[in-house]
Amino acid sequence: MEYHLLLLSDRYPMYRFILKRLFLLLPVLLGVSLLVFAIMSFTPGDPAQLILGESAPAEAVAELREEMGLNDPFIVRYASFVGNAITGDLGRSYSTGREVFGEIASRFPNTLTLATLGVLIAIVIGVPVGIISATRQYSLIDSSSMVVALLGVSMPNFWLGLMLILVFSVNLGWLPSGGFSDWSSVILPALTLGTGSAAIITRMTRSSMLEVIRQDYIRTARAKGVAENVVINRHALKNALIPVITVIGLQFGYLLGGAVLTETVYSWPGVGRMMVDAIRQKDTPTVLGTVVFLAAAFSLVNLAVDILYGFIDPRIKSQYK
Amino acid sequence: MKYSAKTAIAVALTALLAGCGGQEETAQVRDTLIVAQGADAKTLDPHATNDQPSARVAAQIYNQLLTIDADMNVIPDLAVSWESVDANTTVFKLRQGVKFHNGEELKASDVKFTLDRMIDSPTVAHIAGTIKTVDVIDDYTIKITTHQPFGPLLYHLTHTASSILSEKAVTEAGDNYGQQPVGTGPYKFADWAAGDSISLTVNGEYFDGVQEIPNVTFRNIIEGTNRTIALETGEVDVAYDIEPIDKDTVRNHENLQLLEGESLSINYFGFNTRKKPFGDVRVRQAIGYAVNSQDIIDAVVMGSGIPTNSSISTRVFGHSPEAYKYSQDYEKARQLMVEAGYADGFKTTIWTNDNPVRVQIAQVLQAQLRKINIDMAIEVVEWGAFLDGISRGEHDTYLFGWVTVTGDADYGLYPLYHSSAHGGAGNRSFYTDTKMDQMLDAARESVNVEERKALYSDIQIQLQKELPHYPIYVGIQNVGLKKDVKGFQLSPAGHHKLKGVDFES
Amino acid sequence: MSQQITADTLPEAVLEATRSAPKKRSQWLEVWQHLKRNKMAMFGLVILSLVVFAAVFADLIADYETVVIAQNLSDRLQGPSAQYWMGTDEFGRDIFARMIHGTRVSLMVGVLSVAIAIMIGGTLGAVAGYYGGRLDNIIMRVMDIFLAVPSILLAIAIVSALGANLINLMLAIAVSSIPSYARVVRASVLSLRDQEFIEAARAIGASDTRIIFRHIVPNALAPVIVQGALGVATAILSTAGLSFIGLGIQPPEPEWGAMLAGGRQYLRHAWHVTTFPGLAIMITILALNLLGDGLRDALDPRLKH
């Protein structure tokens, strides 16, 4: 069988696990598209009217509606969307006339770059701070780092974004204030995105570490005279990592789709803003395309996280059935 | 593990610092003019959209048959001369030797193709007005025939939607034409990073002289504050629509300058005359006396507006200085309320979309009307639902704006007040008056300039008496630029042409 | 929108906390005792009490009609002074008065949207967990779908379909967090459903409804409370985010998020317009998080000394 070329036999369960998860993704995506289609169809606002703008004679609106196929029954329109989507055709945007798939493809790398760097920043800050806090529970360092971390989640992104621009672009003149030029333009948006996630990762790391530190085998290791930093780094951290990775994965998923405010403040041409602009234009094909795409990306990230567990903790592998 | 965490931090820090240093390399060779505006263009097919961000880019790529100069006169562009054969027919002579960006020469057949396509496009057909047929007489002569005499025809042909396209380019590109436009303008389309920027390069064969600056980039910077910041940090050379609060920052900056000018846009407060109590002219007039436009202008747009007596800007052909201008007079307002039977006031609502300027205007209006016991709740409605709702007449009162892009009164008055334009076409106060309809029709169908002026004057005088809309202010538009950007001229319609712009060396 | 805190971010320990037999009054007392020892949590509680105090007595501090919404156009964008403690906004309104009244709306949006989400999400989760099988599958798949639809789309849909007002705003914020409460409650219910005391209730003929609402729900409360405290924080942030894209509260009603978003263009010219609402949001959310964390620690038996 060709499978054997791809997968060693002892990985076979993992392979089945992935297939099963991908298969389960389909009904969710179908449901998402149906829900979005219904939302776009049954909320007020006429796409034809929006395209035509402020001065649109009723006949022009009617003509355009007919041309766009908006007068067809809901089911017919939805079925034709699904039919086309299966062949990879997500249709053309109502407002720009562009192919939705092409535009997502051209913008997604921007979103991915931003989310990846945002999550990296969050990890770089969150994991060490979380470990330090946990090893010195209730100390001054613990309290103050928790407060600082929490301030990160407590600040609305757009506000933080504007502040960072004022400091780093206007006053210091170090970094561009927005747009997408070279890689230096990604730093501020990534920092803005990352701080929120950093706080969440810090907290998760801390509580997860605290839990592990109290386990028997850690006490045993300590009792055996193993050096404290070895106990923490070798034994505790590895076991504490699993929930932390879940959170990192979730955060990454959210950053992929939830960076709308940051993207707006920095005029970052990502998929999130494309989606919001489209929602406001009642640009159904674009909304459907972006939402389904982001939902799929989110699920795939979660799947990747689950797979990663297997590598960290071999015991979990046995659960892939 | 601890070690690796440390390394990671070190790497990240190095990256950050390197990023900070890398900044200085840019901004040396100035071969590109970077222009920032608040939204990305939708499509560069002029027949597929009627939005300003698109028009601002398209204005560099295309020419129309005619254009408007800074003093609002219609002047030749691709047409060198024109002649009225009779009330319904005009013959245009085209400029010879004009090349499209794809190398094709401009012929009368392209003009016919363009105008026919325009009439067929539901998006912009109404801008083509009453054009009935377009006939090619020879390669450089074209005849336009209208259904009825159409006074504003020449103005309509200056609209960006009337840009002349290359038949070959449009046919070849098919559905993708909007992303690969071909025109005759001073710059040609080069690249489009969706949501971020549009790049143009100079047209080396432009009929009216080749531009000095080889490249133009239009950048999309959504937040107003950030456009000013980008101008200050030197990331852009020109920024459209500086926020009113930032105007002084730009004015007082050593490297920057601010251009301002009266625009063709107005903001108005409309009443749904079909609903009680707004069917009563005394109530509308009472509101006219209760509102203080200057306060609104000062508070909301920091003085970037001019109180007005008309729904069209003074720069528009046909504006009448004789129409009555309301000024705040609570005594008169209260008296009119008493006469109308609302001595104790009434409750109503105002619809606005989520445009922050409009939401703020609504708040000042709300406070002003409270003084004559009108308790007006503010309904902020999301744009799609807003347009839908006010076109159906679900509102009591509403805030809206209008840009008389063509520069002719017809475009600004007919859709707003003619009873045939109820709802989505523009008359969202559902104002209905036979005499008004007749006057608007007569002014549209007259081709006599003086007669049209007189008619429009009567129309505006009548409208200020009837007050289906209270015109709040005429907008003052602005552009912020670096001091070394020379030759920039504001277009009253807002579609500034970059032709003639150069860096001072 | 803003960060979301979901069931998955809660340590397993919290869920496990509920597995230990039915809670009695004394156990809640024990939780309180434990919470009292946590200085950070108490700090959070004190701040929250102050915020609630401001909300309750807002009318005594500043009159709504004559101060909070009264415009004074000649005093626009004034800095803090003896007359205006936190300065004035773009209409010359007293920011301090608006901040005080804003606590009401912000807290109400925060608390009620979470309450709505808990009621709907909790019920769905309890039903799914208790009955299991096909019903469970259907409910949870639908929840997955809602989780995958961006909250901003749901919010815009609700606001544009039902109109923008306080209730719809709360609904809009609630909808997107329903799935996470459903998950938390379902997880607790799953762990409780086969416990002895439930078996016992069933044996004496208690109805399903009674078992769910009298026995299971009270015991599944702990993780919901923790998540709820954090959820209020998220909801306040979401309101600010919605205001940023123009879908906030109806003016002239004061609300922190709307004040923050609305003042952003004055950030460089009149710092006080955004700074005070921004700080209020930050401090309140900080307090909620500290309290939430404290509750989590207090409810987690294994973290107790």
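The shown structure was predicted, so the numbers you read here are calculated from the model rather than taken from an experiment.

1. Considerations on the overall build of chain A
Looking only at helices and strands, one finds 15 helices and zero strands in chain A. Judged by the C-alpha coordinates and their principal axes, chain A covers about 85 × 65 × 35 Å. Relative to its full complement of 321 residues, chain A shows a buried share of 59%. Pairs at least 24 residues apart make up 73% of the contacts formed inside chain A by residues separated by at least 6 positions. Counting every atom, chain A has about 13300 Å² of accessible surface; 66% of that belongs to carbon and sulfur. Separation of charge centres in chain A, based on 24 positive and 22 negative side chains, amounts to 17 Å.

2. Quick look at the sheet that holds strand S7 (residues 141-146) of chain B
All names here are of chain B. Across the sheet, which stays open at both edges, the four strands sit in the order S4-S5-S7-S6 with antiparallel pairing between neighbours. Both outer strands of the open sheet, strand S4 (79-86) and strand S6 (131-138), are each paired with one neighbouring strand and no more. Neighbour-to-neighbour, the strand axes of the sheet open up by a mean angle of 20°, direction not taken into account. Pairing of strand S5 (residues 89-94) with S7, which is carried by five bridges, proceeds in the antiparallel orientation. Paired with Phe92 across the strands is Ile142, a residue of S7. This element, helix H3 (residues 108-120), spans S5, S6 and S7 of the sheet and lies at about 170° to S6.

3. Here we look at the interface of chain B and chain C
Each partner contributes to the interface: chain B provides 27 residues, whereas chain C provides 24 residues. Taken over both partners, the interface formed by chain B and chain C buries close to 2200 Å², and the fraction arising from carbon and sulfur atoms is 52%. Seen at the junction of chain B and chain C, the total is two salt bridges. Note that Glu232(B) and Arg268(C) form a salt bridge whose closest N and O atoms lie 2.6 Å from each other. In this assembly, chain B and chain C are joined by nine residue pairs in polar contact (both at pLDDT 80 or more).

4. Notes on the environment of Met108(C)
Residue and element names in this part refer to chain C. With respect to the helices and strands, Met108 occurs in helix H6 (residues 95-131). On the basis of relative accessible area, Met108 is assigned to the partly exposed category, the value being 35%. It is 9.5 Å that separates the C-alpha atoms of Met108 and Val232, two residues lying 124 residues apart in sequence.

5. Brief notes about the interface of chain C and chain A
The extent of an interface is frequently quoted as the accessible surface area lost upon association of the parts. The interface is formed by 50 residues belonging to chain C together with 55 residues belonging to chain A. There are one salt bridge connecting chain C and chain A. Between Arg203(A) and Asp293(C) there is a salt bridge, with the nearest N and O atoms lying 3.8 Å from each other. Our count for the contact surface shared by chain C and chain A stands at two residue pairs in polar contact (both at pLDDT 80 or more). Only helix H7 (133-148), helix H8 (151-162), helix H12 (221-244), helix H13 (256-262) and helix H14 (272-299) of chain C provide two or more residues apiece to the side of chain C that touches chain A.

6. Examining the confidence of the model for chain A
Averaged over chain A, the pLDDT score is 83; the fraction of residues at 70 or greater is 92%. Low pLDDT, under 50, characterises residues 1-9 of chain A; the predicted model gives this stretch two contacts beyond four residues in sequence or across chains.

7. Points about the confidence of the model for chain C
With 90% of its residues at a pLDDT of at least 70, chain C reaches an overall mean of 83. Across residues 1-21 of chain C the pLDDT falls below 50, and counting only partners more than four positions away or on other chains, this stretch makes 75 contacts in the model.

The rules behind each value
- Residues numbered from 1 in each chain as written.
- Chains lettered and ligands numbered in written order.
- Predicted model: local features only at pLDDT ≥ 70, side-chain atom pairs only at ≥ 80, totals over all residues.
- Heavy atoms only, no water.
- Helix = DSSP H or I, 4+ residues; strand = E, 2+ residues; numbered from the N terminus.
- Buried < 20%, exposed > 50% of the residue type's maximum accessible area, 1.4 Å probe, protein only.
- Contact = heavy atoms within 4.5 Å.
- Areas by Shrake-Rupley, 256 points an atom, 1.4 Å probe, with all protein chains shown as cover.
- Lys, Arg positive; Asp, Glu negative; His and termini not counted.
- Charge placed at Lys NZ, Arg CZ, Asp CG, Glu CD.
- Pairing = 2+ DSSP bridges.
- Axes fitted to C-alpha atoms, helices over the stretch in contact; angles between N-to-C directions.
- Buried area = accessible area lost by both parts, 1.4 Å probe.
- Salt bridge = Lys/Arg side-chain N within 4 Å of Asp/Glu carboxyl O.
- Polar contact = N/O pair within 3.5 Å; in protein donor to acceptor, adjacent residues only side chain to side chain.
- pLDDT = per-residue confidence, 0-100.

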